[in-house]
Amino acid sequence: MGSVKFDTLQKDLSFKSDLMLDKNFILLPKTVSVSDQLIKLLNEWNFTEGYSDESISLGGDIGIPKSNDNEEEERPKENISASVKKALQDARSANFINTEHSRMDSVQKVYTEYMNYINSVYTYYATNKKINIQELSDTVKELCVFIKDNKRYVLRITPSAESRSKNFLVIHSMRSTVLAITIGIELHMALSKLIELGITCILHEIGMLRLPPQLYLTDRSITNAERARIMTHPVLGFNILKELDFPLSIQLGVLEHHEKENGYGYPRHLMGNKISSYAKIITVACSFEAITAPREYKTERTTFDAMVEMLKNQNLQYDPTVIKALLFSLSLYPIGAFVSLKNGKIGIVTDVAPNNPKNPIIQLALERDADGSPISIQTDDDQNKIVKVLSKEEQESIQKQMNQAHEMRNLTRALESAKEEEKEKSGGFSSVDLSEFA
């Protein structure tokens, strides 16, 4: 028998074997549906978990096939996880090289390797119908730690920096997972819960693999019948994870990631506290990602636009606690946004000011200290007030100037280093020094 956390119970769920409170007491006979009254009583009694084989049914015609316990699970190719580990090691080494550019480069490489890893998980399932749960868990654990240590860098990675050859499901899953884990950290979730959240978000679109790709990779308008088929992907994903014996909490997170607080989501039109905590976080992360992501059929909007839309919470779709965590994780002007200040200076948002999401910390884009170090300032409601978020074109122009300035600094350092080497070889005099005595 496996453990069943009572905080994952939903109305109308039923188990294919008895749900036990302990070895002797049957809490819920098999096939009998969970009721609101049972959930209420469990909360009043302070019971937190029971025991069953966790094989559940959603009622109606949806059956959940049992996994084959005798089937030996094969491991995906080891070189993918090895690549992730190497990128993580290189990133940790880069932390000792105290330059923003080297840190950003190393974070980008880790991000890319995780993209490759997610791609391998989806590809391996598509071809072998298997997912190595332990490897996925271990790899996501490292991702949680990495995001916590490098949040102000990893949140600055945008779709334009990612490989366009990747399947959009992989890009969407990666970006949403980074956001979901970031929200989970803000909510002070335990590491074990963060890992489950990360796994759930990585796999929340796995059901799409059982649909024809032309349904979700098209740039044309889809028909109502096609939209209805796409809306089955949460149930398909739930079935996949049940077949693979993933924990029930992860299964429900995948099943419910399109549910809305107001009951207008799908597939079961759940409301409020009926929706699993992982699904509540993932729906916010996915919605934010979707607004800012480029697609063939729409132009991406700025992260500021996305944050404003999420804060409006039209029709009360999202859990307010999760929205607040999103705001305090990214700020009103999210990390990575290029902004213009009242004093005319341009900067990029690099961090959130504690308890002040309206006035984040920015790094000035075109100014440096005397030693070449970047200058960071706290925005405020006076001269350092943010008055504008730069458009995509303006951002690209500033980024180009920043890259040119970085290349010039590198060239200057190289010339100074060559000059010092020449000076040492000539006994303490450089060619310039010697010319003074000619």
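Residues numbered from 1 in each chain as written. Predicted model: local features only at pLDDT ≥ 70, side-chain atom pairs only at ≥ 80, totals over all residues. Heavy atoms only, no water.

What the rule picks out here adds up to 1 aromatic pair. Taking 5.0 Å as the distance between ring centres and 5 degrees as the angle between the ring planes, the aromatic pair formed by Phe304 and Tyr333 counts as stacked. Remark: Tyr333 occurs in the loop between α12 (320–330) and β7 (338–341) and Phe304 occurs in helix α11 (residues 303–312); sequence separation between them is 29 residues. For Tyr333, a relative accessible area of 13% corresponds to the buried category. Sitting over the ring of Tyr125, Lys129 keeps its end group 5.6 Å from the ring centre. (Phe/Tyr/Trp six-rings, centres within 6.5 Å; stacked < 30°, edge-to-face > 60°. Helix = DSSP H or I, 4+ residues; strand = E, 2+ residues; numbered from the N terminus. Buried < 20%, exposed > 50% of the residue type's maximum accessible area, 1.4 Å probe, protein only. Lys NZ or Arg CZ within 6 Å of the ring centre and 35° of its normal.)

Moving on, we come to the side chain of Glu256. Take Glu256: it is sitting in the loop between α9 (248–255) and α10 (277–292). A polar atom in the side chain of Glu256 sits 2.9 Å from the side chain of Arg268. (Polar contact = N/O pair within 3.5 Å; in protein donor to acceptor, adjacent residues only side chain to side chain.)

What follows deals with a negative patch on the surface. A grouping of Glu416, Glu420, Glu421 and Glu424 is seen on the molecular surface, where their side chains present a negatively charged patch. The class for Glu421 is partly exposed, based on a relative accessible area of 45%. (Patch = residues over 30% accessible without salt bridge, like charges linked within 9 Å, V, L, I, M, F, W, Y side chains within 5 Å. Areas by Shrake-Rupley, 256 points an atom, 1.4 Å probe, with all protein chains shown as cover. Salt bridge = Lys/Arg side-chain N within 4 Å of Asp/Glu carboxyl O. Lys, Arg positive; Asp, Glu negative; His and termini not counted. Charge placed at Lys NZ, Arg CZ, Asp CG, Glu CD.)

Caution applies to low-pLDDT regions: their predicted coordinates should not be interpreted in detail. Residues of the protein with pLDDT of at least 70 account for 80%, and the chain-wide mean is 82. Segment residues 54–80 is flagged for pLDDT under 50; beyond a separation of four residues in sequence, or across chains, it makes 60 contacts in the model. Note on residues 434–438: pLDDT is under 50 here. Beyond four places in sequence and across chains, it has 2 contacts. (pLDDT = per-residue confidence, 0-100. Contact = heavy atoms within 4.5 Å.)

Turning our eyes to something else, we now look at helix α1 (residues 36–45). Within α1 the residues assigned to the buried category are Leu38, Ile39 and Leu42. Around the axis of α1, the buried residues are gathered within 100 degrees of arc, so they sit on the same side. Among the residues trailing α1, Asn46 stands out with phi positive, at a value near 65 degrees. (Arc of directions from axis to C-beta.)

So, on to unusual backbone geometry. The omega torsion of the bond from Tyr266 to Pro267 falls at 15 degrees, within 30 degrees of zero and hence cis. With a phi angle near 50 degrees, Leu316 is a residue other than glycine that sits in the positive phi range. As for its position among the elements, Leu316 is in the loop between α11 and α12. Phi angles above zero are rare outside glycine, and Ser331 is one such case at about 80 degrees.

This part takes up the sheet that holds strand β10 (residues 374–378). One open sheet accounts for 5 strands, arranged β10-β9-β8-β7-β11; its pairing is antiparallel. The sheet is open, and its two edges are formed by β10 and β11 (386–389), each paired on a single side. Taken over all neighbouring pairs, the strand axes of this sheet differ in orientation by 45 degrees on average, direction set aside. In terms of strand pairing, β7 meets β11 through 3 bridges, oriented antiparallel. Its bridge partner lying in β11, Leu341 is registered against Ile386. (Pairing = 2+ DSSP bridges. Axes fitted to C-alpha atoms, helices over the stretch in contact; angles between N-to-C directions.)

This part is about the environment of Leu248. By the secondary structure assignment, Leu248 is in helix α9. We classify Leu248 as buried; its relative accessible area is 5%. C-alpha of Leu248 to C-alpha of Ser3: the two residues are 245 residues apart in sequence and 9.4 Å apart in space.

Helix-helix packing is characterised by the crossing angle of the two axes and by the distance between the axes. In contact at an axis separation of 11 Å, helix α3 (residues 100–128) and helix α4 (residues 133–154) are set at 150 degrees when each is read in the N-to-C sense. Put simply, α3 runs roughly antiparallel to α4. Regarding α3 and α4, the two cross each other, and that crossing is left-handed. From α3, Glu100, Arg103, Met104, Val107, Val110, Tyr111, Tyr114 and Tyr117 reach across to α4, where they touch Glu135, Leu136, Thr139, Glu142, Leu143, Phe146, Asp149, Asn150, Arg152, Tyr153 and Val154. Its residues assigned to classes, the contact of α3 with α4 comprises 11 nonpolar, 2 polar and 6 charged. (Parallel < 35°, antiparallel > 145°, perpendicular 65-115°, else oblique. Left-handed = near helix turned anticlockwise from the far one by under 90°. Nonpolar A, V, L, I, M, F, W, Y, C, P; charged D, E, K, R; others polar.)

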